[in-house]
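Here are the chains, one letter per residue:
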Amino acid sequence: MKLFTRIVARLMALITLVAVVQGSAFAAGPKRVLIMMSSHSAMGLSGKVTGTWFEEVATPYYTLREAGYEVVLATLNGGEAPIDLLSMQAPFTTKNTERFSKDPVAMHALTHTNRLNDLDEDDFDAVFFPGGYGLLWDLASDMRTIRMIEKFYAAGKPIAMVCHSPAILRDARKPNGEWLVKGLTVTGFMNAEDDELDLSRHLLFSLEDMLKARGAKYKGTAKNWEAHIEIDGPLMTGQNPASAPVLANALVKRLK
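Glycine aside, a negative phi is what most residues show, and trans is what most peptide bonds show. Of the consecutive residues A90 and P91, the connecting peptide bond is found in the cis state with omega at 5°. Residue position: P91 is located in the loop between β2 (70-75) and α3 (95-101).

Here seven strands make up an open sheet; going across it, the order is β3-β2-β1-β4-β5-β9-β8 and the pairing mixed. Because the sheet does not close on itself, it has two edges, and the strands there are β3 (114-115) and β8 (229-232). Here three bridges tie strand β1 (residues 32-36) to strand β4 (residues 126-129), and the two strands are oriented parallel to one another. Within the sheet, the bridge partner assigned to V33 lies in β4 and is A126.

Of the voids in this model, the largest pocket is the one considered here, and its volume is about 430 Å³. Considering the residues around the largest pocket, the lining is formed by 21 residues, among which W53, L86, F92, W225 and P241 are closest to the centre.

Counted under the stated rule, the structure contains six aromatic pairs. What links up through ring pairs into an aromatic cluster is the set F54, Y61, Y62 and F100. The aromatic ring of W179 is capped on one face by R173, whose charged end is 3.8 Å from the ring centroid.

Here the structure, examined in full by the defined rule, presents 13 salt bridges. One salt bridge connects K151 with E121, and the closest N-O pair in it is separated by 3.9 Å. Highlighted residues: K151 in helix α5 (residues 143-155) and E121 in the loop between β3 and β4, separated in sequence by 30 residues. K151 gets classed as partly exposed once you look at its relative accessible area, which sits at 38%. Classification of E121 by relative accessible area gives buried; the value is 14%. Across the pair D198 and R201 runs a salt bridge whose closest N-O atoms are separated by 3.2 Å. For R201, a relative accessible area of 61% puts it in the exposed group. Through salt bridges with shared partners, one network takes in E121, D122, R144 and K151.

By secondary structure assignment, the location of T63 is in helix α2 (residues 55-66). On the basis of relative accessible area, T63 is assigned to the buried category, the value being 17%.

What counts, and where the lines are drawn
- Residues numbered from 1 in each chain as written.
- Predicted model: local features only at pLDDT ≥ 70, side-chain atom pairs only at ≥ 80, totals over all residues.
- Heavy atoms only, no water.
- Helix = DSSP H or I, 4+ residues; strand = E, 2+ residues; numbered from the N terminus.
- Pairing = 2+ DSSP bridges.
- 1 Å grid on protein atoms, 1.4 Å probe; cavity = no way out; pocket = protein on both sides within 12 Å on 5 of 7 lines; lining within 4 Å.
- Points joined across faces, edges and corners; volume = space filled by probe spheres on them.
- Phe/Tyr/Trp six-rings, centres within 6.5 Å; stacked < 30°, edge-to-face > 60°.
- Lys NZ or Arg CZ within 6 Å of the ring centre and 35° of its normal.
- Salt bridge = Lys/Arg side-chain N within 4 Å of Asp/Glu carboxyl O.
- Buried < 20%, exposed > 50% of the residue type's maximum accessible area, 1.4 Å probe, protein only.

Interpretation note: all reported values are geometric properties and have no functional meaning in isolation.
Here it is in structure tokens:
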């Protein structure tokens, strides 16, 4: 009987050791980044088709994956994420958009995005929001998305936002109730850049004006389309499509 008891005890110890090793291996696994995109494809009543800007998905996707991080794509509705057709045409295409278009794994992830409500934001170490105009009509007013941003900010987890995606900060607040961007140095698509595209009149609101009205220290470049990012605590913002590679690399460094 004593021999049997000793054998059982050793087996239990072995099982416990295996569980600890497996748990440690899981804990030491790659960090996970959520790329959160819009499900909206129409620019208000203008009749213009919109969505997410392709370069701002493709470049962060590869930059983060090649740095060893796990990347998960999501939208509010799940399924196929609408991509702005203009961003899929020259001269707006890049090496990464061309690579993405020919990558069956990447394209499957883009056309079968996760639904945000099916995910647990606690499973992610950072979130990256690509730009494009679609998000002005859905993510900017989605309370689940806003609460996720507030939760990440309070926890000190990186929130990377490029181009028009800082518009999602409009209703986000700090733990003390202040507007989240109040007193923070941020950037985002400039009014002058919207004006150059003749799209300002079709938008729900001006990103630049909103950030300033919320008390942010908004910074833009002297010339349109120049790469520019700002980092203030967990919040990392990029001005335009040219800023996507810079912002993605900055996020990689932050996560190390």
